[in-house]
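Results of the structural survey
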Amino acid sequence: MTSLSMRGVRGGVGTTSLMAALGYALESLGERVLLIDMSPENLLSLHFNLRDSGKSGWARAMLDDQDWYKQAWGLTPTLHILPYGRLSAQESMSIEQQLIHDPQIWARRQASLAANYDWLLFDLPQRLPGHAAIGPCLLPIQVAEADAACHVLLLQQAGSNPVLVNRYDPGSQLQRDLLLIWRQYYATRLLPLTVHADEAMREALAFKQPVGQYAPESLAAQDALSLATWCLARRREMA
Amino acid sequence: MIEHCFPYLKLRRRYDCHPLTALWLASFTAMAWLFLRLESPVWQRLREERQRWYPHLAGKAPSVGDPLRIALQSLWLLVFRPWPQARRRTAPQWARRVGQSNQRLWSRIGAFLTELPQHASESKAMHEGAQWRRNLDTRQKHWLDFTCAAVGLVLVVVCITQPFNYVSQLVYVILLWAVAMVIRRMPGRFPTLLLIMLSIIVSCRYLWWRYTATLNWDSPLDLACGVLLLIAETYSWLVLLLGYIQTCWPLNRPPAQLPRDTRLWPTVDLLIPTYNEDLSIVRSTVYAALGIDWPHDKLRISILDDGKREEFRLFAEQAGVNYITRNDNKHAKAGNLNQALKQLDGELVAIFDCDHVPVRSFLQLTVGWFLRDPKLALVQTPHHFLSPDPFERNLDTFRQRPNEGELFYGLVQDGNDMWNAAFFCGSCAVLRRSAIDEIGGFAVETVTEDAHTALRLHRKGWNSAYVRIPQAAGLATESLSAHIGQRIRWARGMAQIFRTDNPLLGKGLTIFQRICYANAMLHFLAGLPRLVFLTAPLAFLLMHAYIIYAPALMIMLYVIPHMVHASLTNSRMQGEHRLTFWGEVYETVLAWYIARPTTVALFNPKKGKFNVTAKGGLMTEDQFDWGIARPYLVLAVLNIAGLFFAVWRLFYGPANEIGTTLVSSLWVIYNLLIVGAAVAIAAEVRQVRETHRVQAKLPAAIRLQNGRFYPCLLVDYSDGGTGVQLDVELSLPIGERVFLMMQRGEREFLFSGIVSRSHKNFIGIALNELTAQQKIDYVQCTFSRADAWLNWNEDFAPDRPLHSFIDVLRLGATGYYRLYQYLPAWTRTLTRPFVRLLAWLISYVPRFAKASPLSPTSRSECAP
């Protein structure tokens, strides 16, 4: 079982859509995948047209003292999703406090899920550090766009997590130049592939489908497949 | 009912038959109905399937001879049956077992032979032997070598000069042929040397026999013709031998690594000389040169414009490259280069013709050798052509077979490199500035200044190198006449060098360098010998002169092994670079044209009027180049006359000459087919596009105006646009704007274009509005990719001598057919009656029925 997380360098870089696309792509390559929405916005399940999306979820279950593991949905026999649940701002803060108080919650939960899934994909919120404590994670990917804000934030954060560039437009001079610089400075961190700016991603969410299903012939779907292949290769390397 | 049995009106109305024809056919039908019970179910089945059983009547209008055709076809079908695939009778058990064990035996022998070199190099006995030899001192080694050489020489001399009668000669050649066929299966260089040895023995033996036993000293006519043929044969024997020496061990030089510290890398001046070529051609070259991977401050690009054109100067300024021009145009390209070098001071000089687009890794792969060898003056790389040359275009074999230049750049230069004799070819090369200065600049005395410059460099003791990776690509000659004009110039230049600066004389060259240069020059003297070969058999058939004064059977026993061994060995050595027997075709095409300039240049190097003006330009329609083809037609007519004489001699000549007549007519037929191949090449095919498209398989993506992005495969590119193939059908309207994304290494670029063609999954994009920087990026994403020309050979089939021979012969036949198609209309009106008669006769010939979808003779997919 491998766990992977995606978190934006700044808000609004398209992490959740990317996560949905990656989950679909990994499942199409034959893996058993569980998508876990750690973000109070609770939008991951919208990508898969869940009928009951919005109400139930693991955070809702924690607040209502129910079993967290009974809140998952099976989209296909090998692709499952665990939504967050609809919570108010204060309720999210109380979950945040719980997670800060006991950072091993999700580590234990991962252990219990290990036997049934090949991949646990965590969609992390950009703020809320407590929600980011998900236990051991092999690939903690940071998602960025090639713009000045992400450039500055990457310099400030000075971490070592892998970085993936999303919504890349090769027609933009600024994005090309920034990517050149990043390939030099963050050579060990930057993923060898980028996900291009494709209208199909936005349309897919409007259709409430993952992009691999909505537009399998689009470049975005191909990029998601490349990303999934990269993840599989990394898993084999690090094993 | 009457209509059915007597279909007179139907024939008249529907098929518009003549009344008598209709009457005739209708009465036949009525008789059939009367006597054959056509209404029975068996006949009904037959009539339903009559398209299948009588295919030659299927689309034809009814005519008088139809009853006869039907009768013949029915008889044929009754008597013969096509061999059913599924129910083929299996071979008897014992035959199959023998066949299988035979196959096993041969595959084991084959595997043994293939692994033999490796076993030999690993075996202990070999190592001990090599060790023993190393332990000998110099004198003993010399004695050992001398004794081996002496013994070998004695044996070779015996093999060559021992006269044999028929049976002994037959046994001898069969044994040698068997040995050659066995050695062929072994991979590696040493078996190649063995094959060369065998071929040399056989060819020397042939020539010895010719000199000692086949000249008729009694008759002056026989003697004259015989000596002429013998000189031609000696020439080709000499070229064969020198060729073996030249290419027996291709060096396959790998690129040398440069040091990591770029401060140690030398400065390079990249020169692009131009005279009257279009700016659009030079543009790509300059853009690609700007993208060469080399430190910016150590590379200076210069356009050397002999045409002194303003638009070039503006373009150079805009692109940021140097622009050099001069007051006069003395000595053409060499003078241009010499004048420019006075203003430049780079340590190395790279030269590109204006249409040769370099690849980004050009300098990285070539300069390393200059740093490794301080005496190295020249590194040459292949001239690769991205457009078909006239042979490939007119025969439609582009990228399916190696082209004409492939032998030189793939093998001959590589072999030259082994002997340090690789020479300069005028473009796609890097030279050391100090070496050029030492010889006083580029040579200007001859027309092929590049080979002459290299010769002078070698004389002064400089080395040269050849890296056989294609690092630039240019355009091939446009038409056959332009091609021939170019070869005439090279031939004259080489003959001039042979006369004025003979490589066999003078100091400064090693013996092998002399051999390699001499062979390069001798190659261009092949015009006269080739003409002699093409007309030799006519000496006997037309003039009754015994050019080979020997019995026909003996001639066969000597000539055939000579040809067989030569083609086996050449196939082994050259198979990847030229298919067997195509060399004859290329030589025939050029023979007439280079015969005269080379002879004139040999006697008087300064004289000679300038070449045939090249037609050049776009070939707008299919046409037959009568001017160029005239010599071939003359040769063909002569040979056909010879054939007629041969037939006459067969009937009316003396009986003991029949063998000779047959052999001569076989030779004449062979000559006719080779000349036919040359005629086929003269039938020019029209060029459809002006800019040449290069086929490729590159990943790309297109973005539509609505923001949707689709990955695709780039299947061809050219200066003005690309063609891409998508996974889905997009049905884009012509004229819509799309963006094409391509990558170069890790960088991606987006180009704005317009849809010019759209058909199912395929879209053609015209890229006409790119900015200068975008044009540079585009050239660097396509033409100047480091791997752009590396997979050119991937569709080539391996050489098989016999198949290649039959291909050439077949090409000869199609050549004559094409000639017939281009003949003026009045000749066709003359021959049309004969053609029609032939077609009418053939319509009576019965043929097999087409296989039906459900019959047991066809393989059906769905089992009942």
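Residues numbered from 1 in each chain as written. Chains lettered and ligands numbered in written order. Predicted model: local features only at pLDDT ≥ 70, side-chain atom pairs only at ≥ 80, totals over all residues. Heavy atoms only, no water.

**Focus: the overall build of chain B**
Keep this limit in mind: Helix and strand labels come from DSSP, where a helix needs a run of H or I of at least four residues and a strand needs a run of E of at least two; each type is numbered from the N terminus. Only protein chains enter the calculation, and the probe is 1.4 Å; a residue is then buried if its accessible area is under 20% of its type maximum, exposed if over 50%, and partly exposed in between. For this analysis, residues touch if any pair of their heavy atoms sits within 4.5 Å. Accessible areas in this description were obtained via Shrake-Rupley with a 1.4 Å probe; residue shielding takes into account the shown protein chains only. None of His or the chain ends enter the tally, which takes Lys and Arg as positive and Asp and Glu as negative. Lys charges are placed at NZ, Arg charges at CZ, Asp charges at CG and Glu charges at CD.
Looking only at helices and strands, one finds 30 helices and 18 strands in chain B. Structurally, chain B occupies a C-alpha span of about 105 × 85 × 65 Å along its principal axes. When burial is assessed residue by residue, chain B has 48% of its 864 residues classed as buried. Counting contacts in chain B only where the partners sit at least 6 residues apart, residues at least 24 apart contribute 76% of the total. For chain B, the exposed area adds up to about 45000 Å²; of that, 62% sits on carbon and sulfur atoms. For chain B, the centre of its 92 positive side-chain charges and the centre of its 69 negative side-chain charges are spaced 8 Å apart.

**What about the pattern of salt bridges?**
So the rule is basically this: Only one rule defines a salt bridge in this text: a Lys or Arg side-chain nitrogen within 4 Å of an Asp or Glu carboxyl oxygen.
Considering all chains together, one arrives at 36 salt bridges over all chains under this definition. Across the pair A:Asp118 and A:Arg32 runs a salt bridge whose closest N-O atoms are separated by 3.1 Å. Note that A:Asp118 is positioned in the loop between α4 (105-113) and β5 (119-123) and A:Arg32 in the loop between α1 (15-28) and β2 (33-37), a separation of 86 residues in sequence. The exposure class assigned to A:Arg32 is partly exposed, which follows from its relative accessible area of 33%. In this structure, B:Asp306 and B:Arg326 form a salt bridge, with 2.9 Å as the shortest nitrogen-oxygen distance. Within this pair, whereas B:Asp306 is found in the loop between β2 (299-305) and α14 (310-319), its partner B:Arg326 is found in the loop between β3 (322-324) and α15 (332-341), the two being separated by 20 residues in sequence.

**Details of the packing of helix α9 (residues 138-161) of chain B against helix α11 (residues 189-213) of chain B**
Residues and elements named next belong to chain B. Stated precisely, the cut-off is as follows: Helix axes use the C-alpha atoms of the stretch in contact, all axes being lines fitted to C-alpha atoms, and the angles between their N-to-C directions lie in the range 0 to 180 degrees. Any angle between 65 and 115 degrees counts as roughly perpendicular, while under 35 counts as roughly parallel, over 145 as roughly antiparallel, and the rest as oblique. Take the far helix as the reference: if the near one is turned anticlockwise from it by less than a right angle, the crossing is left-handed, and if turned clockwise, right-handed. Residue type decides the class: Asp, Glu, Lys and Arg count as charged, Ala, Val, Leu, Ile, Met, Phe, Trp, Tyr, Cys and Pro as nonpolar, and the leftover types, Gly among them, as polar.
The contact between α9 and α11 brings their axes to 8 Å, and the two run at 45 degrees. Between α9 and α11, the crossing angle belongs to the class labelled oblique. Crossing angle aside, the handedness with which α9 passes α11 is right-handed. In this structure, α9 uses Val156, Cys159, Ile160 and Thr161 to contact α11, whose residues at the interface are Met197, Ile201, Cys204, Arg205 and Trp208. The residue inventory of the contact of α9 with α11, partitioned by class, reads seven nonpolar, one polar and one charged.

**Considering helix α28 (residues 772-781) of chain B**
The set of residues buried in α28(B) consists of B:Ile776, B:Asp777, B:Tyr778, B:Val779, B:Gln780 and B:Cys781. Looking at the buried side of α28(B), the elements it contacts are α13 (279-290), β13 (694-703), β14 (709-717), β15 (721-726), β16 (737-744) and β17 (747-759) of chain B.

**Some details on the sheet that holds strand β10 (residues 472-474) of chain B**
All names here are of chain B. Threshold: Following DSSP output, two strands are said to pair if at least two bridges run between them.
Pairing is mixed across the open sheet formed by three strands, whose spatial order is β5-β10-β7. Edge positions in the sheet fall to β5 (357-358) and β7 (384-385), since each has one partner strand and no second. Sheet analysis places β5 next to β10, joined by two bridges and oriented antiparallel. Looking at β10, one finds that valine 357 is bridged to alanine 473.

**Considering the pairing of strand β4 (residues 79-82) of chain A**
Residues and elements named next belong to chain A. Two elements, β2 and β4, share four bridges in a ladder whose sense is parallel. Paired with leucine 35 across the bridge in β4 is isoleucine 81. Note that strand β3 (residues 73-76) and β4 share three bridges and pair antiparallel. Within β4, the residue paired with glycine 74 across the bridge is histidine 80. Joining the antiparallel neighbours β3 and β4 is a turn of two residues.

**A short note on a nonpolar patch on the surface**
Residues and elements named next belong to chain B. Going by this rule: The patches reported here contain residues having more than 30% relative accessible area and no salt bridge. Joining distances are 9 Å for like charges and 5 Å for nonpolar side chains (Val, Leu, Ile, Met, Phe, Trp, Tyr).
On the surface, Leu221, Leu542, Met543, Phe645, Val647, Trp648, Leu650, Phe651, Tyr652, Ile658 and Leu662 cluster together into a nonpolar patch covering about 1100 Å² of accessible area. Mapped onto the nonpolar patch, the elements with two or more residues apiece are α23 (527-543), α26 (626-652) and α27 (658-682). Among the elements that line the nonpolar patch, the one with the most residues is α26, at six residues. As for its position among the elements, isoleucine 658 is in helix α27.

**Some remarks on the packing of aromatic side chains**
We count it as follows: Aromatic pairs are defined between Phe, Tyr and Trp rings, using the six-membered ring for Trp, whenever the two ring centres lie within 6.5 Å; interplanar angles under 30 degrees are classed as stacked, those over 60 as edge-to-face, and all others as tilted. Charge over a ring is defined by NZ of Lys or CZ of Arg lying within 6 Å of the ring centre and within 35 degrees of the ring normal.
Under the criterion given, the structure shown has 34 aromatic pairs over all chains. For the ring pair A:Phe207 and A:Tyr214, a centre distance of 4.8 Å and an interplane angle of 40 degrees mean the geometry is tilted. Measuring from centroid to centroid gives 6.5 Å for B:Phe6 and B:Tyr8, while their planes differ by 20 degrees, and the two rings are stacked. Judged by relative accessible area, which is 31%, B:Phe6 ranks as partly exposed. The class of B:Tyr8 is partly exposed, set by a relative accessible area of 23%. For A:Arg109, the ring lying beneath its charged end belongs to A:Trp106, and the centroid distance is 4.8 Å. The side chain of B:Arg283 reaches across the aromatic face of B:Phe315, ending 5.7 Å from its centre.

**Remarks on α13(B)**
Just so we agree on the cut-off: In this analysis, the expected span of each helix is defined as 1.5 Å times one less than the number of residues it contains.
The first and last C-alpha atoms of α13(B) sit 16 Å apart over 12 residues, in line with the 16 Å expected at 1.5 Å per residue. Looking only at α13(B), the buried set comprises B:Leu279, B:Val282, B:Ser284, B:Thr285, B:Val286, B:Tyr287, B:Ala288 and B:Ala289.

**Looking at the sheet that holds β2(B)**
All names here are of chain B. Read across the sheet, seven strands follow the order β3-β2-β1-β4-β8-β6-β9 without closing on themselves; strand pairing throughout is mixed. Taken across any chain shown, the strands that pair with only one partner, and hence form the sheet edges, are β3 and β9 (463-466). Averaged over neighbouring strand pairs, the angle between their axes works out to 25 degrees when direction is ignored. Judged from the four bridges that link them, strand β1 (residues 268-274) and strand β4 (residues 348-351) form a sheet pairing that is parallel. Within the sheet, the bridge partner assigned to leucine 270 lies in β4 and is alanine 350. Against the sheet, α13 engages β1 and β2, with an angle of about 175 degrees to β1.

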